[in-house]
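The lines below spell out each chain.
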Amino acid sequence: MPLPSPGQQPSGAPAPDPATTPTAPRPAPAAPAADAAAHVKQREIDAEQRHVDRAYERLDAMRGEAQALMREGYKQAQVGTMGSLVERDTMVFRAELWARTLDAADDGLVFGRLDLHTGDVWHIGRVGVRDADSEILVVDWRAPAAESFYQATPEDPRQVVRRRVLHCRGHKVVDVEDDLLDPENAPDDLVVVGDGAFLAALSRTRDGSMRDIVATIQQEQDDAIRAPADGSVIVRGGPGTGKTAVALHRVAYLLFRHRQRFGSRGVLVVGPNPRFTAYIERVLPSLGEGGAVLHSLGDLVDGTTANHHDSAAVARLKGATAMVPLLRRAVDDTPAGAPRELRIRHRGTEVVLDARTLRGIRRDLLHRARRGPNSQRVAAAKAVLAALWERLASRGAGRGEKEAFLEDVAARDEFAVFLDTWWPLVKPLDILRGLADPARLDRAARGRLGREQIELLSASWRHTAATGDVSFLDVALMDELDGLVGPLPRPRPKIAGVPEEDNPYIVDGYDIFTGEAVRAAAPADEIREVTTYADRMARAGRTRDEAEEPAEYAHIVVDEAQDLAPMQWRMLKRRGRHATWTIVEDPAQSAWEDLGASAAAMSDALGERRRHEFVLTTNYRNPAEIARVAARVLERAVPGATPARAVRTGGEPPRLVATGPGGMPDAVRAAVTGLLDEVEGTVGVVAPVGGTAPYAAALAGFPARVQVMDALDAKGLEFDAAVIADPREIAEQAPSGLRTLYVALTRATRSLVVVTEDQDWAADLMGVEPARA
Ligand SMILES: Nc1ncnc2c1ncn2[C@@H]1O[C@H](COP(=O)(O)OP(=O)(O)OP(=O)(O)O)[C@@H](O)[C@H]1O
């Protein structure tokens, strides 16, 4: 669907006149023009309403059929054979999915119509609907027949004479808006009406959630949405060009056209932070697709949630692939607190394994550990026991004593405690905590980090060790470590009444992993299975690697991909080794400095598959007044970059408020108070990274539509009004700071207020004269 210039008809037909005037290929009736126009339009709306009513009647019938199918599925359960249970599950699953899709389609079921020069008329909607005689009432927007709705232009009308957008409130048609694409082939009585409702829709109030754009997808966006499924799609474009919207509609498209392939292994959508995933989470369900999994980069690893961004200097270190060998060496290093030697006394003889011998055993075990040291725990116990026996044998012990010796040592507390400290089971977080020790970090880095870098990193992990806080990049490191340390063995659950001897990790009453004595668990008078030490070790070895790999997906969407560090790409790659990808990025908004390294890591994740690249050029979010200011900052941040074209005018001109030292929170509060009267929807307050606290305090008790966040967390979001606090600090916090400020300046759909202590700097940067707070 081609886009209107500001203040013009959405496309195609020459529409010089304001608008609500219906225009026709033939001259419009003379007078009274306004009344006649309203009458013609109402007649068109009434006609569409009749069609929409029929479609809703059939939708209700289809929902009834889906419910009946579900009931039928449950009935089959009563038959009870294995086969019928499987059929029942499939039937119920499909019927439920279908029922959910139909429910989601209820809101705005029909939104478009195509009149072809063949005389055919197609209505386009959220799902396909047929009447009882199988006549098509509505074509699903993702079906090939609907393609012209988004793709036809006056230059290439694709048989479409008139394209109509229907605006509905609930089940009621409230407006229609036409594009005349092929006047030559228009029948004499064809009516064309329109009032620029598309542009009006763009300036609607924001309620904090993104909405689908299915009725108004533009041609260049549709190209990306419907790109072939055989490769990966990369969508680039400036802020507000609809990149996120396109990626989400592509997921709905892929699931519709290739459900078998993408539905079974699933789709993962990854956004920069949880605020962003909450913002987009309604889009796919509103398109009838509830199956995709949404995650932020901070919660991709089970049981971990990032709660802060690292400073730019720390992020540069943690995000680079140089972390891979460093982490590997940290995993292989002797654990902190490991004993230097082992002394065991057996029947009056002391057997000692000295530091050198223990180091040799460790090296050997690590060499053999394909799945990380955690999987070698049983092997470690065996190797130490074997070395002890060798020592004893060298001092004259006979072969016949071996079993008794091993039984004796393995059962001892001191051996369990030794094993637990010498070869502990480790979790990724333990390794990061260990790296809080500068000496250990230096060893792992093999001298490749300078003193300042060691201090920065170890300070960051000291904070983690003390508080348990992890950063977004720590999550990527923990995911890397997950693979390096290997899965933790999963002990079988304790079952009441079952003696602990059945647990393969219990050796003679001791849990060889934790060192816990569990002898008391089995009642003394219970008859026990008689097993040897060797039986139990063999059993332990067999069950050791049961932990799960991270889930793999058939398709992965990465939003704000320009910000991903190489280590984060590695984390995603592990989840999509066989996936196709949709990548959404705008290098001009990147907070990550080494764009080359990031691009290489992305390329590695995407693999050899074909890539389809698209560039979106129109800014649907910012009014031209805000876009102009943002473009000035873009020119400084990325000289030569082309800003997207803003289609709307009529926003408030951006305001610059100057304040004195220490006056920032009060000035921000005053700006927000003013904006709450000006706009009905959300007001976003964007602060420097790590600097939200004073503003959150100043705005305590304000309505929930006021949201405070730092500039990195503002990525991808939009608000009716935005207040940028301390732009200079945002710009100077990192080498990529000006780009981050550019992101912050492009969040508002209507009003933008920038509050600064450095008025000359800000006025020069933005080209706006300051007012005093
Ligand atoms: N074709 C369209 N019809 C209606 N609204 C649209 C259309 N395309 C985009 N929008 C709206 O424009 C706004 C910006 O879209 P979106 O967030 O997808 O842009 P983006 O390119 O991802 O921006 P950013 O780079 O800042 O994250 C959203 O409100 C979206 O709904």
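Note that this is a predicted model, so its numbers are computed, not measured.

## Looking at the UniProt feature "binding site: ATP" (unreviewed entry) in the protein chain
And then number 1: The sites that UniProt annotates as "binding site: ATP" (unreviewed entry) are G237, G238, P239, G240, T241, G242, K243 and T244. Set against the largest pocket, the annotated residues that line it come down to P239, G240, T241, G242, K243 and T244.
And then number 2: Among the secondary structure elements, G237 is positioned in strand β7 (residues 232-237).
And then number 3: Structurally, the position occupied by K243 is in helix α6 (residues 243-257).
And then number 4: Beyond its immediate stretch of four places on either side in the chain, K243 contacts V235, R236, G237, G238, V584, E585, D586, Q589 and L616.

## With respect to the site of the ligand
And then number 1: In the vicinity of the ligand lie 24 residues, with T216, K243, R621, E718 and R747 positioned nearest.
And then number 2: E560 places a side-chain nitrogen or oxygen 3.0 Å from an oxygen atom of the ligand.
And then number 3: For the ligand, an oxygen atom lies 2.8 Å from a polar atom in the side chain of R621.
And then number 4: Contact with the protein chains covers 98% of the free accessible surface of the ligand, which is 630 Å².
And then number 5: At a threshold of 2 Å from the grid points, most atoms of the ligand map onto the largest pocket.
And then number 6: Mapped onto the shell around the ligand, the elements with two or more residues apiece are α4 (197-202), α6 and β17 (618-623).
And then number 7: The element contributing the most residues to the shell around the ligand is α6, with three residues.

## Quick notes on the sheet that holds strand β16 (residues 611-616)
And then number 1: Spatial ordering of the open sheet is given by β9-β8-β14-β15-β7-β16, a layout of six strands whose pairing is parallel. This sheet does not close on itself; its edge strands, each paired only once, are β9 (293-296) and β16. The average angle at which neighbouring strand axes cross in this sheet is 15 degrees, direction not considered.
And then number 2: By the bridge criterion, four bridges tie strand β8 (residues 267-271) to β9 in an arrangement that is parallel. Across the sheet, the residue bridging to G271 is S296, located in β9.

## What to know about the layout of surface pockets
And then number 1: Estimates place the volume of the largest pocket at around 1400 Å³.
And then number 2: Among the elements of the structure, β1 (110-116), β5 (160-169), β6 (172-180), α4, α6, α9 (283-286) and β17 are those that each provide at least two residues to the lining of the largest pocket.
And then number 3: Considering every element that reaches the lining of the largest pocket, the biggest residue donor is α4, with five residues.
And then number 4: Looking at the lining of the largest pocket, its residues break down into 20 nonpolar, 13 polar and 15 charged.

## Observations concerning the sheet that holds strand β4 (residues 136-140)
Two orientations exist for strands paired in a sheet by backbone hydrogen bonds: parallel and antiparallel.
And then number 1: Overall, mixed pairing links the six strands, which are arranged β3-β4-β2-β1-β5-β6 in an open sheet. Only two strands of the sheet have a single partner each, and these edge strands are β3 (129-130) and β6.
And then number 2: One ladder, built from five bridges, connects β1 with β5; its direction is antiparallel. In the sheet register, L114 faces β5, and the bridge partner there is R163.

## Observations concerning the nonpolar core
And then number 1: Grouped together as the largest cluster of nonpolar side chains are 77 residues, with contacts concentrated most on F111, I124, W141 and I724.
And then number 2: No other element matches the nine residues that α6 contributes to this core.
And then number 3: Setting aside its immediate chain neighbours within four residues, F111 contacts I124, G125, R126, W141, F149, Y150, R164, V165, L166, V214 and A215.
And then number 4: Residues L297, L327, L477 and M571 belong to the second largest nonpolar core, which totals 53 residues.

## Thoughts on the packing of helix α11 (residues 323-332) against helix α19 (residues 472-485)
If you want to describe how two helices pack, look at the angle between their axes and the distance between the axes.
And then number 1: Here α11 crosses α19 at 50 degrees, and the two axes come no closer than 10 Å. Comparing the axis directions of α11 and α19 gives the class oblique. Seen from above, α11 lies across α19 with right-handed handedness. Each of M323, V324, L327, R328 and V331 in α11 lies in contact with α19, whose residues at this interface are L477, E480, L481, L484 and V485.
And then number 2: A per-class count over the contact of α11 with α19 returns eight nonpolar, no polar and two charged.

## Some points on the packing of helix α23 (residues 624-637) against helix α28 (residues 759-766)
And then number 1: Close contact between α23 and α28 brings their axes to 8 Å; oriented N to C, the two are set at 95 degrees. Compared by their axis directions, α23 and α28 come out roughly perpendicular. Taken together, the residues of α28 that come into contact with α23 (itself represented by V629, R632, V633 and R636) are D764, L765 and M766.

## Some remarks on a positive patch on the surface
And then number 1: Taken together, the side chains of R340, R356, R359 and R363 make up a positively charged region of the molecular surface.
And then number 2: Along the chain, R363 turns up in helix α12 (residues 355-368).
And then number 3: Judged by its relative accessible area of 58%, R363 falls in the exposed class.

## Overview of the pattern of salt bridges
And then number 1: As enumerated under the stated definition, the model contains 48 salt bridges in all.
And then number 2: As a salt-bridge pair, K41 and D175 come within 2.8 Å of each other at their nearest N and O atoms. On the criterion of sequence distance, the pair formed by K41 in helix α1 (residues 33-77) and D175 in strand β6 is long-range, its members being 134 residues apart. There is no split in this pair, since K41 and D175 are both buried.
And then number 3: Here R368 makes a salt bridge to D364, at a shortest N to O gap of 3.7 Å. Linking R368 with D364, this pair stays in helix α12, spanning four residues, or about one helical turn.
And then number 4: One salt-bridge network, held together by shared partners, links E44, E48, R113, D115, R162, R164 and D178.

## Details of the packing of aromatic side chains
And then number 1: One pass over the structure, following the stated rule, counts seven aromatic pairs.
And then number 2: Judged by centre distance (5.1 Å) and plane angle (85 degrees), the rings of F149 and Y150 are edge-to-face. Residue F149 shares its accessibility class with Y150, and that shared class is buried.
And then number 3: Chaining the aromatic ring pairs together yields one cluster made of F111, F149 and Y150.
And then number 4: Positioned above the aromatic ring of W422, the side-chain terminus of R362 is 4.6 Å from the ring centre.

## A few points about the confidence of the model for the protein chain
And then number 1: In this model, the protein chain carries a mean pLDDT of 85, and residues with pLDDT of at least 70 account for 85%.
And then number 2: Looking at the elements of the protein chain, mean pLDDT is at its lowest for helix α20 (residues 533-542), recorded as 55, and at its highest for strand β20 (residues 683-687), recorded as 98.
And then number 3: Within the model, pLDDT remains below 50 along residues 4-30, and this stretch shows 55 contacts once partners closer than five positions in the same chain are excluded.
And then number 4: Residue range residues 542-547 is modelled with pLDDT below 50. Its contacts to residues more than four positions away, or to other chains, number 13 contacts.

## Structural notes on the pairing of strand β21 (residues 706-710)
And then number 1: Taken together, the five bridges between β20 and β21 define a ladder with parallel strand orientation. Note on β21: the bridge partner recorded for V685 is V708.
And then number 2: Crossover connection from β20 via helix α25 (residues 693-698) to parallel β21: handedness right-handed.

## Some words on the pairing of β16
And then number 1: Alternating residues of β16 divide into H612, F614 and L616, all buried, and R611, E613 and V615, none buried.
And then number 2: The pairing of β7 with β16 spans six bridges and is parallel. Bridge pairing in β16 places V233 opposite H612.

Parameters at a glance
- Residues numbered from 1 in each chain as written.
- Predicted model: local features only at pLDDT ≥ 70, side-chain atom pairs only at ≥ 80, totals over all residues.
- Heavy atoms only, no water.
- UniProt positions renumbered as here; feature names shortened; annotations may be inferred.
- 1 Å grid on protein atoms, 1.4 Å probe; cavity = no way out; pocket = protein on both sides within 12 Å on 5 of 7 lines; lining within 4 Å.
- Helix = DSSP H or I, 4+ residues; strand = E, 2+ residues; numbered from the N terminus.
- Contact = heavy atoms within 4.5 Å.
- Near = heavy atom within 4 Å.
- Polar contact = N/O pair within 3.5 Å; in protein donor to acceptor, adjacent residues only side chain to side chain.
- Areas by Shrake-Rupley, 256 points an atom, 1.4 Å probe, with all protein chains shown as cover.
- Sits in = over half its atoms within 2 Å of the grid points.
- Pairing = 2+ DSSP bridges.
- Axes fitted to C-alpha atoms, helices over the stretch in contact; angles between N-to-C directions.
- Points joined across faces, edges and corners; volume = space filled by probe spheres on them.
- Nonpolar A, V, L, I, M, F, W, Y, C, P; charged D, E, K, R; others polar.
- Core = buried A, V, L, I, M, F, W, Y, C linked by side-chain atoms within 4.5 Å.
- Buried < 20%, exposed > 50% of the residue type's maximum accessible area, 1.4 Å probe, protein only.
- Parallel < 35°, antiparallel > 145°, perpendicular 65-115°, else oblique.
- Left-handed = near helix turned anticlockwise from the far one by under 90°.
- Patch = residues over 30% accessible without salt bridge, like charges linked within 9 Å, V, L, I, M, F, W, Y side chains within 5 Å.
- Salt bridge = Lys/Arg side-chain N within 4 Å of Asp/Glu carboxyl O.
- Lys, Arg positive; Asp, Glu negative; His and termini not counted.
- Charge placed at Lys NZ, Arg CZ, Asp CG, Glu CD.
- Phe/Tyr/Trp six-rings, centres within 6.5 Å; stacked < 30°, edge-to-face > 60°.
- Lys NZ or Arg CZ within 6 Å of the ring centre and 35° of its normal.
- pLDDT = per-residue confidence, 0-100.
- Right-handed = clockwise from strand over helix to strand, strands pointing away.

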